[in-house]
Amino acid sequence: MYKKQGKNQPPRTRQCVAEVPSVVATAVQKRRRQERLLRFSGILPLTFCLVGSGVAVSQTAPITAVALRVVVNSNQDGNIQPDEQITLREAIELVNGTLTVAQLSSAEKALIQPLTEGGSRIEFSLPANATTILLQSQLPDLASPGLVIDGGTQPGYDAAGSATAEIAIPIPVVAIAPAPDKEIFRGLTVVADGVTIRGLSLYGFNASAIKQQLGNILIYDGVPKPVTLTTPPGNIVISHRLPPPNTTQQQPPNSDFPFYDKDIPPKNVVIENNWLGLTTEEKMPETTSAFGVYVFNSQGTTIRRNRIYYHDGSAIITSVRGENTLVQENIIVGNGIAGMPDALRIEGVVNKSRITSNLICANDGAGVYLFKPQGDVQIRDNRITYNGRRLRRAAVYLMGSEHQVTGNEISYQTGPGVVVSAFPQTERNTIQNNSFTALEGLSIDLNAQRNLDVSDFQRGDGPNPKRNSGNRRLDTGNAAINAPEFTTREFLPNGNSVTLVGKADPGSEVTIYRLGDYQQGKQALYETGYGALSQPLASAAVDEKGRFSVTVANVKVGDIVSAIATDPKYGTSEPAIAAFIGPRTNTPSLPPASRQNPIPQCTSRPVPPPPPTPPTPTPPPTLIPPTPLRIRAPRNVHFALDKSFISPASAIVLDRVAQVLRQYPEIIIEIQGHTDPRASNEYNIALGRRRALSVRNYLLRQGVAPERMTIRTLGETQRVSEGSSRVDYARDRRAEIIYKDVRGIDIIIEGQEQDLQLEPPRRR
């Protein structure tokens, strides 16, 4: 046996399974050179067998395909050596076949059993006070087909428990993260078919920026953020072996598609019941991960019942290939905080992919963003709410054709509901039976190519004019299908029903919706004549002359309705200008939700069901106006010249802000970034955004929920004074915190200058 060593001591060499013939020496040297070239990729461990040296066997040449059950009983990491315990790194090497059972100590062998059917399993039996595995370097790939890594086997794991009422996801016990002084850009890398990762917490996997994203304005005082790399980073990455940056064999003119046939995508990978980006104590980690799940090259991946929080970029991203991806019943909150802002970013070859029954809340951009995908995607039965915290984007943004957006609840978005891009030519996108509430734009917005500003791509371009030529079919989303038009803005009911008459494209089907909110005047969220499509009421076919007539039941005077049209050849239209049931002089009859915003809250704690009680009629509650609050809360923090980091003095101020927000959960805030006037408008807009983002991210780490905060940049447009002294400019360099009690209470706040940062005086 080998002499016992500590896990972090220099490794003693292990003898290879078989003697390496001298004739292989040249091949070994060649492999050395190849593996040195691959070292930067980080996708494979770089151990190899040296002639006569006894070093471990190569990752690229597994010794055995025997399925094993391996129990990890140590949270240590480091060099592989025989001792009393098995680490996660050793377990992966064992199931990969790059470490043999014969090389283990007797105590380690007792933790391993051969399996007669199925793939290998890695289970856990860590000490109760040592359940976080802090990695010293990147783990080996998961290269064993059918492997299951099951954190649910750890003692103390409750498969029936959950911290959230909305979707039941067990609380993990085992966590995997980089050691505090280590930078590791991948947690678990899947390169084999049928791998399952279950019941773990993974966080902190990021890396220094290698290549800044083109057009990325998220530069913190000149240092590019690490979210955009030339190699896929994240907590879990699914890919063929040797993904970028090792693309020497994947460059044109070899192939326009970035893969060879040998770059086989892992199939039928399952990621379930994990917490990604979130500690087991439900806290935001000090070091955030780049992405949650990075589907770089895969087919048939299932991502279900995971909590995915607080990533610099998207919670889930597909890259070059992600066919038949299923994203189901996940809770996706607070992602995109320092990079790609959208909760789900879907691109590449994604035929037959489905996004269904997820809670997508309080992310910095869109809830779902389809960027030039090849193939169709179903977005069905999701709750998409309070997104667009940093960038005002549509809740769902569609490029491509044949997508279906059905049965979703889309609400409280700082942008439209669903935007259909004009690029590339898009058509046959079906958007039906969704419920919209409190949007800053249309429920459905079809972009036109004549509107080319970035905001048009992200937020939509508003109502389209009626199609007046065949060319409009080519330059507008969903081939410019016309919105329906009612024959009048007022329809008189007959009892509790009404017959609505109008025009739409021949051959389409019109669906009537009740509007859940309809606002007028300077504070309106919508353009005149529009509101949120809250409830589908009835449908009717449009005849060959473009006319429809439909009788709608259960309506009353004061209701407001709209309509959309869906043509199987072209897709779904924008909404019609609203019509009123009864005279327009009546006060609109709108549900209470449109008049009083709820307290923003993505998730809640499970509550045990109360004992059954006999039903008793209760009178409606009397609404008592809340007592006005007088809160001594800071209104602003200040920044140094051309900087966006939080100073120690500003941190003290923000700690007071966080205390107020924790004490009064009904308060929401908007953080507005400002600058002094001494730069271009474009530069100051970006600097103001960085300042607002720094404040928001500081408050996130103090436990303020992301759904309670939005950010906005005003650049130099709202100076404190018109002066040009050092003090005047220091006052301009600030972030303003706009407090709003969602119950409509006025809040008294106070400005402060304790953290004012003057620039050095100029020499004369």
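Cut-offs applied
Residues numbered from 1 in each chain as written. Predicted model: local features only at pLDDT ≥ 70, side-chain atom pairs only at ≥ 80, totals over all residues. Heavy atoms only, no water. Helix = DSSP H or I, 4+ residues; strand = E, 2+ residues; numbered from the N terminus. Buried < 20%, exposed > 50% of the residue type's maximum accessible area, 1.4 Å probe, protein only. Contact = heavy atoms within 4.5 Å. Areas by Shrake-Rupley, 256 points an atom, 1.4 Å probe, with all protein chains shown as cover. Disulfide = S-S within 2.5 Å. Pairing = 2+ DSSP bridges. pLDDT = per-residue confidence, 0-100. Salt bridge = Lys/Arg side-chain N within 4 Å of Asp/Glu carboxyl O.

Participant: Is there a simple way to think about the overall build of the protein chain in this case?
Facilitator: Looking only at helices and strands, the protein chain features 8 helices and 48 strands. Buried positions account for 56% of the 764 residues belonging to the protein chain. Contacts spanning at least 24 positions in sequence make up 76% of the contacts within the protein chain whose residues lie at least 6 apart. When the accessible area of the protein chain is evaluated, it comes to approximately 32,800 Å², of which 52% is carbon and sulfur surface.

Participant: Please explain the state of the cysteines as it appears in this structure.
Facilitator: Note on terminology: a disulfide is the covalent bond linking the sulfur atoms of two cysteines. Per the counting criterion, the structure on display carries 1 disulfide. Note that Cys361 is cross-linked by a disulfide to Cys602, the S-S spacing being 1.9 Å. Across the S-S bond linking Cys361 and Cys602, the dihedral sits near -75 degrees, which makes this disulfide left-handed. Of this pair, Cys361 sits in strand β23 (residues 359-361) while Cys602 sits in the loop between β42 (579-581) and β43 (629-634), placing them 241 residues apart in sequence.

Participant: Where do I start with the sheet that holds strand β6 (residues 174-178) in this structure?
Facilitator: Pairing between the strands of a sheet comes from backbone hydrogen bonds, and it takes one of two forms, parallel or antiparallel. Ordered by their spatial adjacency, 10 strands build an open sheet running β4-β6-β9-β14-β17-β20-β23-β26-β29-β32, and the pairing between neighbours is parallel. In the strand order of this sheet, the two ends are held by β4 (132-135) and β32 (435-439), each with one partner. Alignment of strand β9 (residues 200-202) against strand β14 (residues 275-276), held across 2 bridges, turns out to be parallel. Bridged to Leu202 within β14 is Leu276.

Participant: What is the right way to read the environment of Gly161 from this model?
Facilitator: Topologically, Gly161 is positioned in the loop between β5 (148-150) and β6. Separated by 10 residues in sequence, Gly161 and Ile171 have C-alpha atoms that sit 6.8 Å apart. Excluding anything up to four places from it in sequence, Gly161 contacts Ile169, Pro170 and Ile171.

Participant: Teacher, can you tell me more about the confidence of the model for the protein chain here?
Facilitator: Where the model shows low pLDDT, its predicted coordinates should not be examined in detail. Of all residues in the protein chain, 80% attain a pLDDT of 70 or more, and the chain-wide mean is 84. Confidence drops under pLDDT 50 across residues 1-64; counting only partners more than four residues distant or on other chains, this segment forms 127 contacts. A low-confidence stretch, residues 210-229 stays under pLDDT 50, and its non-local contacts, those more than four residues away or across chains, total 52 contacts.

Participant: Where do I start with the pattern of salt bridges in this structure?
Facilitator: For side chains of opposite charge, pairing can occur when their charged atoms come near one another. Tallied over the entire structure, the rule returns 37 salt bridges. In this structure, Glu736 and Arg635 form a salt bridge, with 3.7 Å as the shortest nitrogen-oxygen distance. Of the two residues, Glu736 is situated in strand β47 (residues 734-741) and Arg635 in the loop between β43 and β44 (636-638); the sequence distance between them amounts to 101 residues. Glu736 gets classed as buried once you look at its relative accessible area, which sits at 12%. For the salt bridge of Arg731 with Glu753, the shortest nitrogen-to-oxygen distance reads 2.8 Å. Of the two residues, Arg731 sits in helix α8 (residues 726-732) while Glu753 sits in the segment after β48 (747-750), which places them 22 residues apart along the sequence. Overall, the relative accessible area of 29% leaves Arg731 in the partly exposed class.

Participant: What exactly am I supposed to notice about the pairing of strand β12 (residues 234-238) here?
Facilitator: Two faces belong to every sheet, and in a regular strand the side chains alternate between them. Counting buried positions along β12 gives 5 out of 5 residues, so the element sits mostly inside the fold. Bridging between strand β7 (residues 186-190) and β12 involves 4 bridges; their strand directions are parallel. Across the sheet, residue Val190 finds its bridge partner in β12, namely Ile238.

Participant: What exactly am I supposed to notice about unusual backbone geometry here?
Facilitator: Trans peptide bonds make up most of the peptide bonds, and negative phi angles are found at most residues other than glycine. Of note, Tyr412 is a non-glycine position whose phi angle comes to about 50 degrees, a positive value. As for its position among the elements, Tyr412 is in strand β29 (residues 409-413). A relative accessible area of 15% places Tyr412 in the buried class. In this structure, Ala480 takes a positive phi of about 55 degrees despite not being glycine. Note that Ala480 resides in the loop between α5 (472-475) and β34 (485-486). Residue classification places Ala480 among the buried positions, given a relative accessible area of 3%.

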